[in-house]
Amino acid sequence: MSERIIDPATKGWAASWYEASARARIDGLLDTGSFREVIGPEQRRMSPHLPLFDLPRAFDDGMIVGSGRLDGQPVLVAAQEGRFMGGAFGEVHGAKLVGLLRAALALKPAAVLILFDTGGVRLQEANAGETAIAEVMRAITQLRAAGVPVIGLIGGRAGAYGGGGLIAATCSRLVVSEGGRISVSGPEVIETNKGAEEFDSRDRALVWRTMGGKHRRLTGGADAYADDTVAAFRQAALDLIGRAPAFDLATLEAEQARLEQRLTRFGDCRDATEIWARLGVNDPEAVPALTTADFDALLARLGETTHDAR
Amino acid sequence: MSGWRRERAARDARIEAGRAHAAGKVVAAANVVDLLEAILQPGDRVCLEGDNQKQADCLARGLSQCDPARVHDLHMVQSGIVLPEHLDIFEQGIAKRLDYSYSGPQGSRIARMLYGGQIELGAVHTYLELFARYFVDLTPNVALIAGVSADRDGNLYTGPNTEDTPTVVEATAFKNGVVVAQVNEIVERVPRVDIPGDRIDFVVEADRPFYVEPLFTRDPAAMTETQILMAMMAIKGIYAEYGIRRLNHGIGFGTAAIELLLPTYADRLGLKGQIATHWALNPHPTLIPAIESGWVKQVHCFGSEVGMDRYIRERSDIFFTGADGSLRSNRAFCQTAGLYACDLFIGSTLQIDLAGHSSTVTQNRVAGFGGAPNMGSDPHGRRHPSDTWMKAGREAQVTGDPALMRGRKLVVQIVETFGEGLVPAFVERLDALELAKKIGLELAPVMVYADDVTHIVTEEGIANLLLCRTADEREQAIRGVAGYTEIGRGRDRAMVERLRQRGIVRRPEDLGIEPLDADRSLLAARSIKDLVHWSGGLYEPPAKFRNW
Amino acid sequence: MEKLSFRHTTQNALAGAKAQAITGVVASGNLEVLLERALPATECTVEIETPIRGYGEVWAAVVADFVARAQPGGLRITINDGGARPDTVSLRLLQGARLMEV
């Protein structure tokens, strides 16, 4: 019998990252009781745009920011609520993240943790959202240059799409779970532009093997693969803080070389399974069903998937 | 020609005409239209196998391409109206009259065509009822069926989705009808013989495998706290109370939640082995954790479910399987089992009125009944006792000689007070009555009649209708669990409180259930992936249910 | 958006000392409830913003039942609704009150 996620006789469930709300993720990720929220819901800093569209607002605009401790180390943290407007970036939502990153430049925490869960930019406030994406990317590079690692954690329903995918690519390190997805264009966008023959967005197995956590980890697009539990994400974040790469010319040139090499090596592949075969995976078809333990063993055997290229 | 063998002679002539397009019994997919035009005659009664799950889709496409000048005015007698072609043939004039049971995906279109008079409707049946009529007054002249494989003699392997096939073939082949089977492949030797070759006249090698819809897969990820609360109440307030071992579940999320709470919540209540041991049920993926935890002794199936084949093969102690190892389902037998050998049916519905009548028919959808009215009715022909059945009988009995008391089947409706889009589940008057008037149906399409319903479970509580002694009590018991719907807000609060004292209305707190404990952490599986893990990797969910 | 506002008097103040709590998420069929201990001990207000119009009576009934059951004296409750059903609203309100009682 394979692994059992629940043992009804003895213990309940480990808290699922995928299912947890943004607030529950923060609570489970940080040291107990250490989180201090900035601009909390009681301040009612809500979107000024959504009422124009007769859409409901959220007290925190779907972005929760603040400070806390991770295994005793001071960190700043931002979490997107993927169920509110698909976690999309609006004006307040984006500004809160930009503000947090700028504060980090002054506070110099041990790390900034970004808990992605986003479909991209909110259509109803697209200009503000797009601007925020650019400002966030700029702030992250400044922060990394100042020696503060920025760790992205991706395992929510909405994944990290659109501008969220771009921001993820600027982070020092990324943790992803099986359910997590990273990409710029979403499945529906690709299908709309290129047709269902090119990419059938309703074929969920195809979506996940193209954009999902296992594929991103196998090709080096993410640096750690975590079980879908809050505890596993916490452990992975802790591990990665100590392994953040320097943000210098050498790192960037190595990344560029890696990306060029990747294109040469896999550019003609029609499906992720072909890429995995070329990576040396013996049974590519079996990868989606692998348990975390078996997948970790596979990663260890391949040995080439840890580098700084996204 | 003998005056007593005219049907047989006509059948032989049809087969003779069909042979021109066949090599022996085997017909190429490209010749389907020619074959059908040769064997069909205007006005024929035809069963175009459209089951709850499996579809004879290659033959359906063929029939819809026939020339309406040659093939017309057919009388379709089939349980499922599922594919577009099933209705296209009415628009084309190929078919004229319809008797059926279930039309889930085509529910809206069939309603429009009924309003428009494009279909001459016989009746909307239950499965068992339509099957019965195959042997009395709706015997098919031609049956167009589907299987996984056949040999050249016509010996047919239906695969795990046997479903309606044996019943349809029995009625057709033994009453001078012609049987055409589409198969995914023609083989030297079939894995097992589900239908002997002498009942199959033609075998069509289909251009692609027959279509099967995964109808019974409920993703645990979509299960809500409200559904979990209702499931907790059903387990504690009904399953435990009546000691229900033999049962059938509907396909809603409420009943799927019950399945997922057996190894967790029900286990904590010490109910293992006491409840939910013997089932008439399709192989629901959400039952896997209960099976793996040793709750389930036996399951007989109407049909199969996409992705469950390997799991079933490896669990033959639980399921009915053939010598080849694969599932043998049979809708007619399983419906009979659900009717006579189960002590409880629990299912959902779209509308319940103040008396307890319920229907899934709304003004613009005629979904049909399928098996629910069979499962959800008290069989007056039952003659074997069980503790559950007798207890329910005692609760219902008010007058007469106790020595002549008979039991009652428990028929439970489990509904959330508001459905999709804040549509109330409780109404003054069923839409089904309006629809019947509009299209001139003699019999309103009621799914479960009030006198069959014994309990209604909502997130607000359980109403035990067996214990109601007057129509007024019954109405207030229903209003008493109807939540914030207009029906619920219209309750007589004092009377509902009195019904509560008598245990006719029971709230979560009356059952010792704290609504805030209704949490997703109680589910034995919270995702399809968890179900795969529980199955030891044997359950292979279809792509639309995966996120890996 | 429709704005609704209810004011109730309670027998007593809600137990506990927690100053504020938030529960739920603004999503389809869901809602968020912000609870603040900001009023005199036997007063409670509930303000609601909802995109679904015409359910004022149902909201009034749900809120009245909640107040009778939880006695949330002293609380200012604010709701952003995403089109939740009444039973979900009721559940979230009770969850919120429980969080405040800590």
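Structural data are supplied above this passage.
Bear in mind that the values here come from a model prediction, so they are computed numbers and not experimental data.

Chemist: Go over the overall build of chain C, please, and point to the residues and values.
Modeler: Assigned secondary structure in chain C consists of two helices and five strands. Put simply, chain C runs from its N terminus to its C terminus through helices and strands in the order β-β-β-β-α-β-α. Scaling as 2.2 N^0.38, a compact globule of 102 residues should have a C-alpha radius of gyration of about 13 Å, and chain C matches this with 12 Å. Along the longest, intermediate and shortest principal axes, the C-alpha atoms of chain C span 35 × 25 × 20 Å. By residue count, 47% of the 102 residues in chain C fall in the buried class. Considering only contacts in chain C between residues 6 or more positions apart, those separated by 24 or more positions represent 88%.

Chemist: Could you give me a rundown of helix 12 (residues 331-340) of chain B, with the residues and numbers involved?
Modeler: Counting buried positions along helix 12 of chain B gives seven out of 10 residues, so the element sits mostly inside the fold. Burial in helix 12 of chain B covers these residues: R331(B), A332(B), C334(B), Q335(B), A337(B), G338(B) and L339(B).

Chemist: How would you sum up the sheet that holds strand 21 (residues 505-506) of chain B? Please name residues and give values.
Modeler: The strands making up a sheet associate through hydrogen bonds between their backbones, and the pairing can be parallel or antiparallel. Residue and element names in this part refer to chain B. With mixed pairing, eight strands are arranged side by side in an open sheet as 14-13-12-15-18-19-20-21. The sheet is open, and its two edges are formed by strand 14 (298-300) and strand 21, each paired on a single side. As judged from the two bridges shared by strand 12 (residues 246-249) and strand 13 (residues 278-280), these two strands associate in the parallel manner. Bridge pairing links L247 to W279 in strand 13. The sheet strands contacting helix 12 are strand 12, strand 13, strand 14 and strand 15 (344-347), and the helix crosses strand 13 at an angle near 125 degrees.

Chemist: Please give an account of the packing of helix 1 (residues 6-19) of chain B against helix 2 (residues 32-39) of chain B that cites residues and values.
Modeler: All names here are of chain B. Close contact between helix 1 and helix 2 brings their axes to 8 Å; oriented N to C, the two are set at 155 degrees. With respect to each other, helix 1 and helix 2 are oriented roughly antiparallel. Judged by the sense of rotation from one axis to the other, the crossing of helix 1 with helix 2 is right-handed. Of the residues in helix 2, those touching helix 1 at R14, A17 and G18 are L35, A38 and I39. Of the residues in the contact of helix 1 with helix 2, the class split is four nonpolar, one polar and one charged.

Chemist: Any details on the nonpolar core? Residues and values, ideally.
Modeler: Side chains of a nonpolar character, in soluble globular proteins, are inclined to be buried together. Ranked by size, the top nonpolar core spans 171 residues in total, and within it L59(B), L144(B), A181(B), M232(B), A234(B), L261(B) and V412(B) carry the most contacts. Top contributing element to this core by residue count: helix 8 (residues 225-242) of chain B, with 11 residues. Apart from the residues lying within four places of it in its own chain, the contact partners of A234(B) are Y239(B), I258(B), I346(B), V412(B), I414(B) and V457(B). If you look at the next biggest cluster of nonpolar residues, it comprises 103 residues, including L30(A), M85(A), V175(A) and V46(C).

Chemist: Outline the packing of helix 8 of chain B against helix 9 (residues 253-268) of chain B, supporting the account with residue identities and numerical values.
Modeler: Residues and elements named next belong to chain B. Here helix 8 crosses helix 9 at 65 degrees, and the two axes come no closer than 8 Å. Both helix 8 and helix 9 take part in a crossing whose hand is right-handed. Across the interface between the two elements, Q227, I228, M230, A231, M232, A234 and I235 from helix 8 touch F253, G254, A257, I258, L261, Y265 and A266 from helix 9. Of the residues in the contact of helix 8 with helix 9, the class split is 12 nonpolar, two polar and no charged.

Chemist: Which residues make up the interface of chain A and chain C, and what values do they have?
Modeler: Taken together, the contact between chain A and chain C spans 13 residues of the former and 14 residues of the latter. Here the residues of the side of chain A that touches chain C sort into seven nonpolar, one polar and five charged.

Chemist: Just give me the short version of the sheet that holds strand 2 (residues 20-24) of chain C, but keep the residues and values in it.
Modeler: Residue and element names in this part refer to chain C. With respect to topology, five strands assemble into an open sheet ordered 1-4-5-3-2, the strand pairing being mixed. Looking at the sheet topology across the chains shown, the edges are occupied by strand 1 (2-9) and strand 2. For this sheet, the mean inter-axis angle between neighbouring strands, taken without regard to orientation, is 10 degrees. With seven bridges joining them, strand 3 (residues 31-37) and strand 5 (residues 75-81) adopt antiparallel strand pairing. When the bridges of strand 5 are listed, E32 appears paired with N80. Helix 1 (residues 56-70) rests against strand 1 and strand 4 (43-50) of the sheet, and its axis sits at about 30 degrees to strand 1. On top of the sheet, helix 2 (residues 86-100) reaches strand 2, strand 3 and strand 5; it is set at about 35 degrees to strand 3, its chief contact.

So, how was this worked out
Residues numbered from 1 in each chain as written. Chains lettered and ligands numbered in written order. Predicted model: local features only at pLDDT ≥ 70, side-chain atom pairs only at ≥ 80, totals over all residues. Helix = DSSP H or I, 4+ residues; strand = E, 2+ residues; numbered from the N terminus. Rg over C-alpha atoms; globule rule 2.2 N^0.38 Å. Buried ≥ 20, exposed ≤ 12 C-beta atoms within 10 Å, placed from the backbone. Contact = placed C-beta atoms within 7 Å. Pairing = 2+ DSSP bridges. Axes fitted to C-alpha atoms, helices over the stretch in contact; angles between N-to-C directions. Parallel < 35°, antiparallel > 145°, perpendicular 65-115°, else oblique. Left-handed = near helix turned anticlockwise from the far one by under 90°. Nonpolar A, V, L, I, M, F, W, Y, C, P; charged D, E, K, R; others polar. Core = buried A, V, L, I, M, F, W, Y, C linked by C-beta atoms within 7 Å.

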